[in-house]
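Working through the structure, step by step
Here is how the chains run, residue by residue.
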Amino acid sequence: MASLSSDSWPHPGLTKVASRGYHLPMRSVGLKVLKNKLSEYVRLAASGETVLVTDRDRVVAELGPRLAAAIAVHDAEQRTVLDHLTGLRNRGEFQRALASHREADEPPPASLIHIDIDYFKRLNDSLGQEAGDAALKHIARMLTEAVRDGDLVARIGGEEFAVLLPHAQLREALEVAERIRDSIADTTWEWSGTAYPLTASCGVASYPDPTADLLNLPAAADAALFKAKELGRNRVEKSGAVS
């Protein structure tokens, strides 16, 4: 007799609400787990086998329409906050995170790293857009691996990325930026079986020292990034004092 797996039920992300049946909290429920359970149930039922339907399995089946709607809403939410190519946060979500940090009466320290892929236009023009997209995805993975837990990594332009480091002062942010630069320069990126060198320039700004106003943090990081590119690229530069 076929049956579904016997792991714990209900799923911890699924909350029973007396007046509304089952509620799927978007930010905590394991939608993929529930979707897989539902797919397994449908497959077994369609196979003609006798299926042992437990209370758990019955709830999964009953969740079908709600689960589909929840997944659709979740996917729509994700499209509003994620960059479609790299899966990183997009520019809008990055700006919302920065604005949220500024809302506190006394905002805690924060640092910002702006990262630009060196000579990306040359690479994109010579190898084509598909290769350029692959390079951007590669850089996105490098950034995700190099940052700290809790840091927000975003793609804010064509080949420009940003990392918001809550509670990080300048020294720690410079260490993260150098780790990013090192990891990109030291990791081989291949396209069509050929290795191509990739490097990145980084500009670092920190609040409240040396940037006294959080509103000026992006401009300060941009100025530092410009300095890094002017001085030869593949380097990390910090911003000066900004009121």
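A brief look at the structure comes next. Computed from a prediction, not measured in an experiment: that's the story for all the values here. Here, residues in each chain are numbered from 1, in the same order as that chain's written sequence. Reporting of local features is limited, given that this is a predicted model, to residues whose pLDDT is at least 70; pairs of side-chain atoms are given and counted only at 80 or more, and all residues count toward the totals for whole chains, interfaces and linings. In computing side-chain values, all of the structure's heavy atoms are included and hydrogens and water are not.

Moving on, we get to the overall build of the chain. Secondary structure summary: the chain contains eight helices and nine strands in total. Buried means the residue's accessible area, taken with a 1.4 Å probe over protein chains only, is under 20% of the maximum for its type, while exposed means over 50%, and partly exposed covers the values in between. Expressed as a percentage of its 243 residues, the buried residues of the chain come to 43%. Note on contacts: a residue pair is in contact if any heavy atoms of the two residues lie within 4.5 Å. Once local pairs closer than 6 in sequence are excluded, the contacts in the chain between residues at least 24 apart make up 69%. In the structure as shown, the chain presents an accessible area of about 13300 Å², 49% of it carried by carbon and sulfur atoms. Each helix is a run of H or I in the DSSP string that is no shorter than four residues. Each strand is a run of E no shorter than two, and both are numbered from the N terminus. Method for areas: the Shrake-Rupley scheme with a 1.4 Å probe, in which residue coverage is limited to the protein chains shown.

What follows is about the pattern of salt bridges. Salt bridges are defined as contacts in which a side-chain nitrogen from Lys or Arg sits within 4 Å of a carboxyl oxygen from Asp or Glu. Scanning all chains against the criterion turns up ten salt bridges. One salt bridge connects K229 with D116, and the closest N-O pair in it is separated by 3.9 Å. Residue K229 is located in helix α8 (residues 217–230), and its partner D116 is located in strand β3 (residues 110–117); the two are separated by 113 residues in the primary sequence. With a relative accessible area of 27%, K229 lands in the partly exposed category. Under the relative-accessibility criterion, D116 is labelled buried at 9%. Between R235 and E237 there is a salt bridge whose closest N-O contact spans 2.8 Å. Linked through salt bridges whose partners overlap, the residues forming this network are R148, D151 and E172.

Moving on: unusual backbone geometry. With an omega of 5°, the peptide bond running from Y207 to P208 counts as cis. Locating P208 in the fold gives a position in the loop between β8 (200–207) and α8. A cis amide bond, omega 10°, links D209 with the succeeding residue P210. Looking at where P210 falls in the secondary structure, it is placed in the loop between β8 and α8. Positive phi, normally seen in glycine, also occurs at Y119, with a value near 55°. Looking at the secondary structure, you find Y119 in the loop between β3 and α5 (120–127). Residue N234 is not a glycine yet carries a positive backbone phi of 50°. For N234, the position within the fold is in the loop between α8 and β9 (236–238).

We now examine the sheet that holds strand β5 (residues 160–166). By this definition, two strands are paired if DSSP reports at least two bridges between them. Pairing is mixed across the open sheet formed by five strands, whose spatial order is β4-β5-β3-β8-β9. Each end of this open sheet is capped by a strand with a single partner; those strands are β4 (152–155) and β9. With direction set aside, neighbouring strand axes in the sheet form an average angle of 20°. Strand direction decides the pairing type here: β3 and β8, joined by eight bridges, are antiparallel. Residue pairing in the sheet places H114 in a bridge with G203 of β8. Lines fitted to C-alpha atoms define the axes, with helix axes restricted to the stretch in contact, and inter-axis angles between N-to-C directions lie between 0 and 180 degrees. Running over the sheet, α8 touches β3, β5, β8 and β9 and is turned about 145° from β8.

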